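Residue-level structure breakdown
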Amino acid sequence: MTQTSDDVLPASGEANRSQRDYWDTDGPRQYRDFGDTNEALIAPFGQAMLDAAQLQPGERVLDVGCGFGASTLDAAERVAPSGRVVGVDIST
């Protein structure tokens, strides 16, 4: 199930308002224009993080700032078949 930040955070909340505004307007442009390049550049760091976490089948993972979800999917493979991974990102 996918939820937008407006579904999760109160509309009147000011916490992180500037970041929410950025990722609802200009921020997605970088992913649209450079997403594949960005993912390729940061993939080794994501793999190193997942290796360091030593995830095991059955564990639960929260992937904060998951972007396109590549790290979320990689984590899911590591905790399968009985684990669970949830990816969240400020960008809708």
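Structural notes, computed from the coordinates.

The rules behind these values
- In this convention, every chain numbers its residues from 1, walking through the sequence in written order.
- Where totals are concerned, whole chains, interfaces and linings use all residues; where local detail is concerned, this predicted model gives features only for residues with pLDDT of at least 70, and gives and counts side-chain atom pairs only at 80 or more.
- Hydrogens and water molecules were not included; the side-chain quantities draw on all heavy atoms of the structure.
- Only protein chains enter the area calculation, which uses a 1.4 Å probe; residues under 20% of their type maximum are buried, those over 50% are exposed, and those in between are partly exposed.
- Here a helix means four or more residues in a row that DSSP labels H or I, a strand means two or more in a row labelled E, and each is numbered from the N terminus.
- Only strands that DSSP links by at least two bridges are regarded as paired with each other.
- Viewed with both strands pointing away, a crossover whose connecting path from the first strand over the helix to the second turns clockwise is right-handed.
- Structural elements are reduced to axes, namely lines fitted to C-alpha atoms, with helices fitted over the stretch in contact, and the angle between N-to-C directions of any two is expressed from 0 to 180 degrees.
- Note on convention: the crossing is left-handed when the near helix lies turned anticlockwise from the far helix by less than a right angle, right-handed when the turn is clockwise.
- By definition, residues are in contact when any of their heavy atoms lie within 4.5 Å.
- Note on residue classes: Ala, Val, Leu, Ile, Met, Phe, Trp, Tyr, Cys and Pro are nonpolar, Asp, Glu, Lys and Arg are charged, and everything else, Gly too, is polar.

**Examining the pairing of strand E1 (residues 60-64)**
Side chains Val61 and Asp63 project from E1 onto a buried face, and the interleaved Arg60, Leu62 and Val64 project onto a face without burial. Here E1 pairs with strand E2 (residues 84-88) via 5 bridges, running parallel. Each residue of the ladder has a partner; that of Arg60, found in E2, is Arg84. One crossover worth recording links E1 to the parallel E2 by way of helix H4 (residues 70-79), and it is right-handed.

**Digging into the packing of helix H3 (residues 27-53) against H4**
The contact between H3 and H4 brings their axes to 10 Å, and the two run at 35°. For the pair H3 and H4, the sense of crossing is right-handed. Along its contact with H3, which presents Glu39, Gln47, Leu50 and Asp51, the element H4 presents Ala70, Ser71, Asp74, Ala75 and Arg78. The residue inventory of the contact of H3 with H4, partitioned by class, reads 3 nonpolar, 2 polar and 4 charged.

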